[in-house]
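# Survey of secondary and tertiary structure
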Amino acid sequence: MTATTTVTPNAVLRVPPASPAAAAAYFGASLAFHADVSDVASALAADGDRGFVVIDTRSTASWDQGHVPGAVHLPTALIAEQAGQLLDRTVPVVTYCWGPGCNGATRAAFALAELGFQVKEMLGGFEYWAREGFAYETWEGSARRDADPLTAPVDSDDCGC
């Protein structure tokens, strides 16, 4: 009798990939819930009605340090009280907070969805907005940082993804 050996796959394949149908459903749902910083910037820069409103969910001190131009300031703690007066329920909302290490935009999106708003979360938050070199507003006026070459292509408006 010969012994059979079981090969333990590497950590990547220890749990096998989902079926193509399950993967398509998952990634399609992810795109329904999330927006990319570059896509939001591109839509905001385009002429005409962008079809959504951007909400900065951070504190006033954070807002003053820098925020996406044209964003509405609505801290997460005030959503239940003020969203009905500040936002139109027929217009989708894109929330953001500091960055990927913060779930403030997720909490805000959850609160808005519970109030009946269509909502997406901007992945990367304000951190990646600034790191990708997009202009932002501060209490002192407009500002812009050079794009971080680890987050955005140098000398290009499009990452190609």
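Structure shown above.
The structure contained in this document is the topic of the report that follows. (Residues numbered from 1 in each chain as written. Predicted model: local features only at pLDDT ≥ 70, side-chain atom pairs only at ≥ 80, totals over all residues. Heavy atoms only, no water.)

How two aromatic rings sit relative to each other is set out by the distance from centre to centre and by the angle between their planes. Per the stated rule, a full pass over the model turns up four aromatic pairs. Aromatic pair Phe126 and Tyr136: ring centres 5.3 Å apart, planes at 85 degrees, arrangement edge-to-face. Taken together, the positions of Phe126 in helix 6 (residues 125-131) and Tyr136 in strand 6 (residues 136-138) put the pair ten residues apart, joining distant regions of the chain. For the pair formed by Phe126 and Tyr136, the shared burial category is buried. An aromatic cluster is present here, built from Trp98, Phe126 and Tyr136 joined pairwise through their rings. In this arrangement the basic side chain of Arg58 is found over the ring face of Trp98, its NZ or CZ atom lying 4.5 Å from the centre. If you follow Arg131 out to its NZ or CZ, it ends over the ring of Tyr128, 4.8 Å from the centre. (Phe/Tyr/Trp six-rings, centres within 6.5 Å; stacked < 30°, edge-to-face > 60°. Helix = DSSP H or I, 4+ residues; strand = E, 2+ residues; numbered from the N terminus. Buried < 20%, exposed > 50% of the residue type's maximum accessible area, 1.4 Å probe, protein only. Lys NZ or Arg CZ within 6 Å of the ring centre and 35° of its normal.)

Right, let's get into the sheet that holds strand 1 (residues 34-36). Two strands in a sheet stick together by hydrogen bonds in their backbones, pointing the same way (parallel) or opposite ways (antiparallel). One open sheet holds the five strands; their spatial order is 1-5-4-2-3, and the pairing between them is parallel. At either margin of the open sheet sits one strand with a lone partner, and together these are strand 1 and strand 3 (72-73). Summarising the sheet, strand 2 (residues 53-56) and strand 3 pair through two bridges and their orientation is parallel. Each bridged residue has a counterpart across the sheet, and for Asp56 the counterpart in strand 3 is His73. Strands in contact with helix 2 (residues 37-45) are strand 1, strand 2, strand 4 (93-96) and strand 5 (119-123); relative to strand 1, the strand with the most contacts, it is inclined by about 75 degrees. (Pairing = 2+ DSSP bridges. Contact = heavy atoms within 4.5 Å. Axes fitted to C-alpha atoms, helices over the stretch in contact; angles between N-to-C directions.)

Turning to the state of the cysteines, a few remarks are in order. Applying the stated criterion to the full structure yields zero disulfides. The cysteine Cys97 is free of any disulfide, with Cys102 supplying the nearest cysteine sulfur at 3.3 Å. Among the residues examined, Cys97 registers a relative accessible area of 3% and is labelled buried. Given the relative accessible area of 29%, Cys102 is considered partly exposed. (Disulfide = S-S within 2.5 Å.)

Turning our attention to the pairing of strand 4. Put simply, side chains in a regular strand alternate between the two faces of the sheet. Of the two faces of strand 4, both are covered, the one formed by Val93 and Thr95 as well as the one formed by Val94 and Tyr96. Pairing of strand 2 with strand 4, which is carried by four bridges, proceeds in the parallel orientation. Bridge pairing in strand 4 links Asp56 to Tyr96. Bridge count between strand 4 and strand 5: three bridges; the pairing is parallel. Bridging across to strand 5, Thr95 finds its partner in Glu121.

Turning our eyes to something else, we now look at the pattern of salt bridges. Counted under the stated rule, the structure contains three salt bridges. Between Arg58 and Asp56 there is a salt bridge, and its shortest N-O distance comes to 2.7 Å. Of the charged contacts, one joins Glu127 and Arg131 as a salt bridge, the two residues approaching to 3.2 Å between their closest N and O atoms. Here Arg131 and Glu127 lie together in helix 6, a separation of four residues that amounts to about one turn. The network of salt bridges with shared partners includes Glu127, Arg131 and Asp148. (Salt bridge = Lys/Arg side-chain N within 4 Å of Asp/Glu carboxyl O.)

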